[in-house]
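# Report on the structure
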Amino acid sequence: MNKKTWEIRQAKLSDADSLARCMYDAYSQFKEKLGGKDLPPMLVDYEEEIRSYPVWVAYAGEHLVGGLILVFSETYTTIANVAVHPEFQGHGLGRGLIEFAQKQAELRGHKEIRLVTHVGMSANITLYSYLGWKEYER
């Protein structure tokens, strides 16, 4: 996999299986730490997500390596899910997806973006803090 470049585009229904595998792999690394249970994003029907929400995927060549699901309310944007395949982590794609989400929010006139993560996913919380996000509730 080329770990330096990627392309973010709107998801198609044909991306659903690859997106499901990417999400499963991304969240599996937290499974043991969180008591061995599958996290909700590991069990989602991604065809239904693509039909119901704005979903974007990141490709590096032929490989789906990340995904982003947003929910737009009247006044703010929520990042419902953002994940990067473990083999592609540490190369700026997570930051790229977050920045992409911020641009999508701006396009809708939203100044507020919300994101929810599991308290046990300390690496993610550290990343979000590094990117300038503020923790508002635990």
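First things first, this report covers the structure right here in the doc.

## Focus: the packing of aromatic side chains
Tallied over the entire structure, the rule returns 2 aromatic pairs. On the numbers, 6.2 Å between centres and 85° between planes, the contact of W6 with F88 is edge-to-face. Here W6, found in the segment before β1 (7-10), pairs with F88, found in the loop between β4 (76-84) and α3 (93-107); they are 82 residues apart in sequence, far enough to count as distant. Judged by its relative accessible area of 27%, W6 falls in the partly exposed class. Judged by relative accessible area, F88 falls into the buried class, the value being 0%. Centroid distance W56 to F100: 5.3 Å. Interplanar angle 70°. Geometry classified as edge-to-face. Here F100 lies in helix α3 and W56 lies in strand β2 (residues 55-60), a separation of 44 residues in the sequence. Under the relative-accessibility criterion, W56 is labelled buried at 5%. Lying across the ring of Y76, R114 places its NZ or CZ 3.6 Å from the centre.

## Some words on the environment of N81
On the secondary structure map, N81 appears in strand β4. Considered as a pair, N81 and V55 are 26 residues apart in the sequence and their alpha carbons are 9.2 Å apart. Among residues more than four places away in sequence, those in contact with N81 are M23, Y27, P41, Y46, G67, L68 and I69. Separated by 2.6 Å, the side chains of N81 and Y27 make a polar contact.

## Remarks on the pattern of salt bridges
Taken as a whole, this structure holds 3 salt bridges when the rule is applied. One salt bridge connects E112 with R114, and the closest N-O pair in it is separated by 2.6 Å.

## So, α3
Residues spaced three or four apart along an α-helix face the same direction, because each turn holds 3.6 residues. A rise of 1.5 Å per residue sets the reference length of α3, with its 15 residues, at 21 Å; its end C-alpha atoms lie 21 Å apart and thus fit the reference within 8%. Every buried residue of α3 is accounted for by L93, G94, G96, L97, I98, F100, A101, Q104 and A105. Looking at the residues trailing α3, positive phi occurs at G109, about 80°.

## Comments concerning the pairing of strand β3 (residues 63-72)
For β3, the tally of buried residues reaches 7 of 10 residues, placing the bulk of the element in the interior. Of the pairings in the sheet, the one linking β2 to β3 comprises 6 bridges and is antiparallel in character. Paired with W56 across the bridge in β3 is L68. Counted along the chain from β2 to the antiparallel partner β3, the turn is 2 residues long, and its residue G61 has a positive phi close to 65°. As paired elements, β3 and β4 share 7 bridges and run antiparallel to each other. Paired with F72 across the two strands is T77, which belongs to β4. Connecting the antiparallel pair β3 and β4 is a turn made up of 3 residues.

Rules used throughout
- Residues numbered from 1 in each chain as written.
- Predicted model: local features only at pLDDT ≥ 70, side-chain atom pairs only at ≥ 80, totals over all residues.
- Heavy atoms only, no water.
- Phe/Tyr/Trp six-rings, centres within 6.5 Å; stacked < 30°, edge-to-face > 60°.
- Helix = DSSP H or I, 4+ residues; strand = E, 2+ residues; numbered from the N terminus.
- Buried < 20%, exposed > 50% of the residue type's maximum accessible area, 1.4 Å probe, protein only.
- Lys NZ or Arg CZ within 6 Å of the ring centre and 35° of its normal.
- Contact = heavy atoms within 4.5 Å.
- Polar contact = N/O pair within 3.5 Å; in protein donor to acceptor, adjacent residues only side chain to side chain.
- Salt bridge = Lys/Arg side-chain N within 4 Å of Asp/Glu carboxyl O.
- Expected span 1.5 Å × (residues − 1).
- Pairing = 2+ DSSP bridges.

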